[in-house]
Amino acid sequence: MHRAHFSFVRPATATAREAAASSGALLVLFAMLGAVPVAAQLSDLVASTPGRATGGGQVAGELAEMSILRGTSAGGRASFGFDAQFASGDTAPIGHLTFLDRGVDETVKSTSIDTFTVTGDRATFTGRATVNGVAGIGFLVEVQDLGEPGSADTFSIVLDDGYSAGGVLVNGNVQVHEGEPGGEARPFRVGAAKRTLNPTVAVAPPDGQVYLGGYGLGAVRRSTGVLGSGAWVRAFVVDNGAQAVALVESDNQGAFAAYELGRGAVGAIDIARAVEALRPALAADHIVIASDHSHAGQDLIGVWGGVPNEYLAYVKAQTVAAIIEAYDEREPADLRVGSVGGIVAGDRTSILNSQFDDSSCTADPTPTDPGHTRLPCTEPGDFPDWDLVDASVRVLHATRPDGSTIATLVNFAAHSTVMGSGNRLVSADWPGPTADKVEAALGGTAVVMPAANGRTQPDRPAGTDVEKLDAYSTTISGLALEAVASAAPVAGSRVGARKRLIFEVADNAALLGLLFAGQAGCFVTPNLCAPIMRAKTPPWQTGNVIGTVVSAFRVGDVLFTGTPGEPYPQVAFGIQEAVDAGAPGVADISHHFLFSLADDQLGYLIAPAEGVPAAAEQTALTGNDNFLFNVAATVGDHVMCTAISLALDVGFPGDALHDPRCAAWAGEPDLDPTALPPN
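So, how was this worked out
Residues numbered from 1 in each chain as written. Predicted model: local features only at pLDDT ≥ 70, side-chain atom pairs only at ≥ 80, totals over all residues. Heavy atoms only, no water. Helix = DSSP H or I, 4+ residues; strand = E, 2+ residues; numbered from the N terminus. Buried < 20%, exposed > 50% of the residue type's maximum accessible area, 1.4 Å probe, protein only. Contact = heavy atoms within 4.5 Å. Disulfide = S-S within 2.5 Å. Expected span 1.5 Å × (residues − 1). Salt bridge = Lys/Arg side-chain N within 4 Å of Asp/Glu carboxyl O. 1 Å grid on protein atoms, 1.4 Å probe; cavity = no way out; pocket = protein on both sides within 12 Å on 5 of 7 lines; lining within 4 Å. Points joined across faces, edges and corners; volume = space filled by probe spheres on them. Nonpolar A, V, L, I, M, F, W, Y, C, P; charged D, E, K, R; others polar. Pairing = 2+ DSSP bridges. Right-handed = clockwise from strand over helix to strand, strands pointing away. Axes fitted to C-alpha atoms, helices over the stretch in contact; angles between N-to-C directions. Parallel < 35°, antiparallel > 145°, perpendicular 65-115°, else oblique. Left-handed = near helix turned anticlockwise from the far one by under 90°.

*Asks:* Could you give an account of the overall build of the protein chain, with specific residues and numbers?
*Replies:* Across its full length, the protein chain carries 10 helices and 32 strands. Burial status across the protein chain gives 60% buried among its 679 residues. Restricting the contact set of the protein chain to residue pairs at least 6 apart, pairs at least 24 apart contribute 74%.

Right under this line is the structure:
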């Protein structure tokens, strides 16, 4: 088939505006004739004009339906949703388009809006889209708003693959507004800030150095300095005028919700309470603080020697300061969400590896076997799906009306272990230089949060530590910039959050023994010095019952879940299967950001629970630590099911019992950990 390709330019001339005003009738005529090349040429004359056009169903997020009167599949029906706008001073229009004609299997998802014009009740916009999986297809859409409730409104589309359709709505509404978009066009305000966490003599006596965490056991890796820009805490605050949320990332190996008596009120929940006391409109349960899990990061846990109380207090002060500054610096913003990559087998991606291998199962996901369920899986450590990793790089990008960047949130699932155990310099590992490179490319503040990183390691480049970090962060930052370039506006303006305190019976005797006896080891040898600093009083611990925190946040149609440890990818997959995040027609995985080590650190969150024996087997055979640092066989499933429940609580549609294992926690108490008395 001959494909005509659109060429979009915007000469700002009176002739161009006159042509744009009359383009509607021409578009319909050319679409009826199938003259795609001629229709495409119209976009060469279009100068963007201020205005906004939206279209969708009567319920927020629902697609409108159209009876197709002319075009490729006349006589059928199609559904669509869009939001496009242009304001004076903007560098380009913004918006998104989804169009589905199931009769001829035509699926259109925009990747850019290039021109937008409006005259009276008629709007026309052009752009590029992915059509049936093929990227870069040009489109031209014309809509007309002929009154409420929308039954007479019209929608027409022409693609440069030869497809065209035009008709009248049978359900839904099209709204066209000429002139500068009002305040409702930018419902969000966004602020961002960062503060250094690099240790000094003042905050890490006696010598300004701290123990680094993540490799081996005991107080054997004391820092000798700082690598590059070192460690930071970064905050990303979003406010819709009614509620605000703070998404915070801290460069360290991990941190606790609350610390043992004598350490101070320095846990994640304490920090959130301190922020709320200073800025009451930013509620403590609307703040999530995640660690980047750097194995070149400060040991705020105590498994590897720990840090002084003064340093814990310093981390709290810097984190509070970053969140407060981000909140105070909020400004009107456009929010866009995007992703590249997807779920793949660990041996089929150049950026991630799975620590476990189900090589005797299906080698790759397929449409008929997406879950690798063919058995037997008999190799050591095998369990169905355990070679699957989430190689998605997700971004939430906030820009000012002039197009400049306020902040970029990057979410990617890899352990922060690009450097090996021989390193002694404080570093955020790959998230740090990735943030630096995104900031250098886009401006603003970059917040890089690891996603479901359990059993998922980076595919480490060769070279020195500095060379490894530069190469890997160049790859991940490049993917993040690709995701930003193809991002679509966040749909809706709802902001909300929920946290829940959950309780798990710890059944790992070795880990419990370390929790209570690790301090005693410091009097024997540095190799046994593991003064685990987690709170050992209710609600955080009562005997062998551990209390921890799970959270769910929403910004528009984007879901953020916080998990208290290192979740296996199955935790993320289970949430995405049960919860419908994103607008209709949008892949859930692109609109679900999972934060590992959020508000607490309980080690690995193995899921499903049936796989724990395989994890134990792998530990015995290879020395892998997944089973050792796992408090209970069911904790991964419990966290997953709680996150699903909280996602529904903040308004996402879904099925709380999609996974039958979730029935075990359906009646658990709904306790807000930020509302409980301080430890």
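*Asks:* So what about the state of the cysteines? Which residues, and what values?
*Replies:* Taken as a whole and assessed by the stated rule, the structure comprises 2 disulfides. Each sulfur in the disulfide pair C522 and C529 lies 2.0 Å from the other. Judged by the torsion about the S-S bond (75°), the C522/C529 disulfide is right-handed. Assessed through its relative accessible area of 28%, C522 is described here as partly exposed.

*Asks:* Describe in detail helix α10 (residues 635-649), supporting the description with residues and values.
*Replies:* The end-to-end C-alpha distance of α10 is 21 Å, a good match for the 21 Å that 15 residues give at a rise of 1.5 Å each. Counting buried residues along α10, 12 of its 15 residues qualify, which places the element largely inside the surrounding structure. Of the residues making up α10, those classed as buried are V635, G636, D637, H638, V639, M640, C641, T642, A643, I644, L646 and A647. The first or second residue beyond α10 is G651, which carries a positive phi of 105°.

*Asks:* Just give me the short version of the pattern of salt bridges, but keep the residues and values in it.
*Replies:* All told, the structure shown has 28 salt bridges when counted by the stated rule. Residue R189 is joined to D239 by a salt bridge in which the shortest nitrogen-to-oxygen separation is 2.9 Å. Pair noted here: R189 is in strand β11 (residues 188-196) and D239 is in strand β13 (residues 232-239), with a separation of 50 residues, a long-range link. A relative accessible area of 33% places R189 in the partly exposed class. According to the relative accessible area criterion, D239 is buried, its value standing at 5%. The partner of K536 in a salt bridge is E260, and the shortest N-O contact between them spans 2.9 Å. With a gap of 276 residues between them, K536 in the loop between α7 (509-517) and β27 (541-542) and E260 in the loop between β14 (244-250) and α3 (268-278) connect regions that are remote in the sequence. Each of R498, R500, D649, E668 and D670 takes part in salt bridges that share partners, so that together they form one network.

*Asks:* Go over empty space enclosed by the protein, please, and point to the residues and values.
*Replies:* All chains considered together, the criterion is met by 3 cavities of 30 Å³ or more. Volume-wise, the second largest cavity comes out at about 150 Å³. Lining the second largest cavity are 19 residues, with A255, A268, I271, I289 and L300 positioned closest to its centre. Elements with a minimum of two residues in the lining of the second largest cavity: α3, β15 (287-291) and α4 (309-328). With 4 residues, α4 is the largest single contributor of residues to the lining of the second largest cavity. Residue composition of the lining of the second largest cavity, grouped by class: 11 nonpolar, 5 polar and 3 charged.

*Asks:* Run through the pairing of strand β7 (residues 134-144), naming residues and quoting values.
*Replies:* Regular strands place side chains that alternate from one sheet face to the opposite one. The element β7 is extensively covered by neighbouring structure, given that 8 of its 11 residues are classed as buried. Turn length for the strand β6 (residues 122-131)-β7 hairpin, with the two strands adjacent in sequence and antiparallel, is 2 residues, and the turn residue N132 shows positive phi of about 50°. Two elements, β7 and strand β8 (residues 154-159), share 6 bridges in a ladder whose sense is antiparallel. Residue pairing in the sheet places V143 in a bridge with F155 of β8.

*Asks:* Provide a residue-level description of the pairing of β14, including the pertinent values.
*Replies:* The buried fraction of β14 is high, at 7 of 7 residues. Summarising the sheet, β13 and β14 pair through 7 bridges and their orientation is antiparallel. Bridged to V238 within β14 is V245. Regarding topology, α3 serves as the crossover connection from β14 to the parallel β15, and that connection is right-handed.

*Asks:* Run through the packing of α3 against α4, naming residues and quoting values.
*Replies:* Packing of α3 against α4 leaves a shortest axis separation of 10 Å and a crossing angle of 45°. By the angle class used here, α3 and α4 are oblique. In this structure, α3 crosses over α4, and the sense of that crossing is right-handed. In this structure, α3 uses D270, I271, A274, V275 and L278 to contact α4, whose residues at the interface are K316, T319, V320, I323 and I324.

*Asks:* Just give me the short version of α4, but keep the residues and values in it.
*Replies:* The terminal C-alpha atoms of α4, which comprises 20 residues, lie 29 Å apart, in line with the 28 Å expected from a rise of 1.5 Å per residue. Looking only at α4, the buried set comprises Y311, L312, Y314, V315, Q318, T319, V320, A322, I323, I324, A326 and Y327. Packing partners of the buried residues in α4 comprise β11, β13, β14, α3 and β15.

*Asks:* Kindly report on unusual backbone geometry, identifying the contributing residues and their values.
*Replies:* The amide bond that connects P538 to the next residue, P539, takes the cis arrangement and shows omega of 0°. Along the chain, A607 connects to P608 via a cis peptide bond; the corresponding omega equals -5°. Within the fold, P608 resides in the loop between β32 (604-605) and α9 (612-622). You will see that D105, though not glycine, has its phi angle at about 55°, which is positive. In this structure, D105 sits in the loop between β4 (94-101) and β5 (106-119). The residue D599 is not glycine, and still its phi comes out positive at about 70°. Within the secondary structure, D599 is located in the loop between β31 (592-595) and β32. Residue class for D599 comes out buried when judged on its relative accessible area of 3%.

*Asks:* Kindly report on the packing of helix α8 (residues 569-578) against α10, identifying the contributing residues and their values.
*Replies:* Relative to each other, α8 and α10 sit at 30°, their axes nearing to 9 Å. By the criterion of interaxial angle, the relationship of α8 to α10 is roughly parallel. α10 is crossed by α8, and the crossing has right-handed handedness. Of the residues in α10, those in contact with Q570, V571, G574, I575 and A578 of α8 are G636, M640, A643 and I644.

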